[in-house]
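# Understanding the architecture of this molecule
In case you want the letters, here they are:
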Amino acid sequence: MSTWKNEQEAREQIKEMVAAYYHDFKEKKEPFKPGDRISYASRVFDEHEMQSLTDATLDFWLTTGRFAEQFEKNFAKWIGVKYVHLVNSGSSANLIAFSVLTAPELGDRQIKRGDEVITVACGFPTTVTPILQYGAVPVFVDVTIPQYNIDTTKLEGALSDKTKAVMIAHTLGNPFDLKTVKEFCDKHNLWLVEDNCDALGSQYTINGETRYTGTWGDIGTSSFYPPHHMTMGEGGAVYTNNPLLHRLILSYRDWGRDCICPSGQDNFCGHRFDGQYGELPKGYDHKYTYSHFGYNLKVTDLQASIGVEQLKKFPSFIERRRHNWERLHKALEPISDQVILPEAALHSNPSWFGFLITIRPNKKFSRNDITKYVEAHNIQTRLLFSGNLIKHPCFDQIRGTNAYRVSGGLNVTNQIMNETFWVGVYPGMTDDMIDYMAKVIRDAVQGG
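Residue indices begin from 1 for each chain and proceed along its sequence in written order. Owing to the predicted nature of the model, reporting of local features is limited to residues with pLDDT of at least 70; listing and counting of side-chain atom pairs is limited to 80 or more, with chain, interface and lining totals taken over all residues. Hydrogens and water molecules were not included; the side-chain quantities draw on all heavy atoms of the structure.

What follows deals with the pattern of salt bridges. For this document, the term salt bridge refers to a Lys or Arg side-chain nitrogen within 4 Å of an Asp or Glu carboxyl oxygen. A full pass over the atoms with the stated rule returns 29 salt bridges. Between D36 and K33 there is a salt bridge, with the nearest N and O atoms lying 3.7 Å from each other. Buried means the residue's accessible area, taken with a 1.4 Å probe over protein chains only, is under 20% of the maximum for its type, while exposed means over 50%, and partly exposed covers the values in between. A residue is classified by how much of its surface remains accessible, and D36, at 27% relative accessible area, is partly exposed. Judged by relative accessible area, K33 falls into the partly exposed class, the value being 46%. Across the pair E183 and K179 runs a salt bridge whose closest N-O atoms are separated by 2.7 Å. Taken together, the residues E183 and K179, both in helix 7 (residues 178-188) and four residues apart, mark about one turn of the helix. Here the salt bridges do not stand alone but share partners, grouping E7, R11, E12, K15, D55, D59 and R66 into one network. For the purposes of this entry, the term helix denotes a DSSP run of H or I that reaches at least four residues, the term strand denotes a run of E that reaches at least two, and both are numbered from the N terminus.

The pairing criterion for strands is at least two bridges between them, as found by DSSP. With antiparallel pairing, three strands are arranged side by side in an open sheet as 10-12-14. Whereas interior strands pair on both sides, the edge strands pair on one side only; in this sheet they are strand 10 (339-340) and strand 14 (420-424). Its contacts with the sheet put helix 11 (residues 411-419) on strand 12 (354-359) and strand 14, and the angle it makes with strand 14 is roughly 60°. Residue contacts follow a heavy-atom distance rule, with two residues in contact if any of their heavy atoms lie within 4.5 Å. Only C-alpha atoms enter the line fits that serve as axes; for helices the fit covers just the stretch in contact. Angles between N-to-C directions range over 0 to 180 degrees.

The topology assignment puts R253 in helix 8 (residues 243-253). According to the relative accessible area criterion, R253 is buried, its value standing at 6%. Not counting residues up to four positions away in its chain, the partners in contact with R253 are E72, H85, L86, V87, I96, Y295, N296, L297 and K298.

Going from I145 to P146, the amide bond is cis rather than trans, its omega being 20°. Structurally, the position occupied by P146 is in the loop between strand 3 (137-141) and helix 6 (155-158). The backbone of Y148 sits at a positive phi, close to 65°, despite the residue not being glycine. Of note, the phi angle at N378 is positive, near 70°, even though the residue is not glycine. Structurally, N378 can be placed in the loop between helix 10 (367-376) and strand 13 (405-406). On the basis of relative accessible area, N378 is assigned to the partly exposed category, the value being 27%.

Given a helix with a known number of residues, its expected span is that number minus one, times 1.5 Å. Taking 1.5 Å of rise per residue, 20 residues should cover 28 Å, and helix 1 (residues 7-26) covers 27 Å from first to last C-alpha, within 8% of that figure. Within the span of helix 1, buried status applies to A10, R11, K15, V18, A19 and Y22. At its buried positions, helix 1 is contacted by helix 2 (47-59) and helix 3 (66-79). Two or three places before Q8, at the start of helix 1, stands the capping residue N6, its side-chain oxygen 3.2 Å from that residue's backbone nitrogen. Think of a polar contact as two N or O atoms within 3.5 Å of one another; within protein, one of them needs to be a possible hydrogen donor and the other a possible acceptor, and neighboring residues in sequence only count if both atoms come from side chains.

When strand 6 (residues 203-206) meets strand 7 (residues 209-212), the two strands line up antiparallel, connected through four bridges. Paired with T205 across the bridge in strand 7 is T210. Remark: two residues form the turn of the hairpin made by strand 6 and strand 7, two consecutive strands paired antiparallel; N207 in that turn has positive phi of roughly 50°.

What follows is the structure, encoded as structure tokens:
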């Protein structure tokens, strides 16, 4: 027979046991030793995330619920936007962000098949995939080193009478030139989608006003995959200040339905059975009326419960990422004659996701020589995602067609594909780990 007086007492005791479990079995206790594995990224959490997840598990509300609502409210307040909607991944966030721009409600600004979207080939594929899937045409522009973002001097050359939007990511926490890109979009009445999945917490200043990246454009997206700035395991978010886009995001995320009822509620508007929609009979159930071709991309409360606690820690995560990046940069300055070290964009304060390194031309060693040496010392490396996306097998069937176009050449993109790699600076890294990583990279470059 249970000794608990009520459910709340039972929950609290269960959560106390979860905290004890964390401290006994999950909390890291051994200090770093040279040769220990250094990942490029990892989850940083404590008993509070495990307790919150347990709380959601005991609710057994397996779809979007109270934790998702709480996270959306807290995240909106923190990042400084009116509307935030959780989804099940950063890739889904990008899919939704682009999908809403194809909605007929947008009138002349609706993106249709054959319309063009300016982007880059040096990045993650899911920034580009939705453009292709909707039959729009990505227009690839080159990037710069050492910022690794879009070369804004090439924007006007990429423009055509079919251009409707710019959709690009901030690279590994380093913001692209938002001032120039935003002015370009405003001048030509283009949508701006900020893929903020690798830059959550980065700041950018325009004309004395500082905002978080993801909030300068029409729509911003984030990812909460485990390696990212904060995690829900899987998860993402789409956010905007535009009321119409907010309404469209909800529709495309929630099956494309016309109804705005929150999960688990019916007849929120009071007109469930008295409307006339499309060619449906009058009074057809509004909850099953679809105004768009949408999806079910909602997050679960289990995921959101982790995010609620991660968001509380997030300012300290940002601070530690900056500390680690700056420490590593200083430690690698002695080899800056042989490798190109990264630089923050002007007017920015990045929340770094990683530390990019490019081999200078005409060196006796290659990028692969360095990464093999570093990996052999148990330090994880990564390339800058696709390097050049149009070189990948996914383009085999459309290569050379009018499904996409390149504006002005991709010479720097190809340089990054061949000679660039990066290592992590995630907040779980200690000074000892950063110093050891720097030593190994210096040794690799100097032939040690």
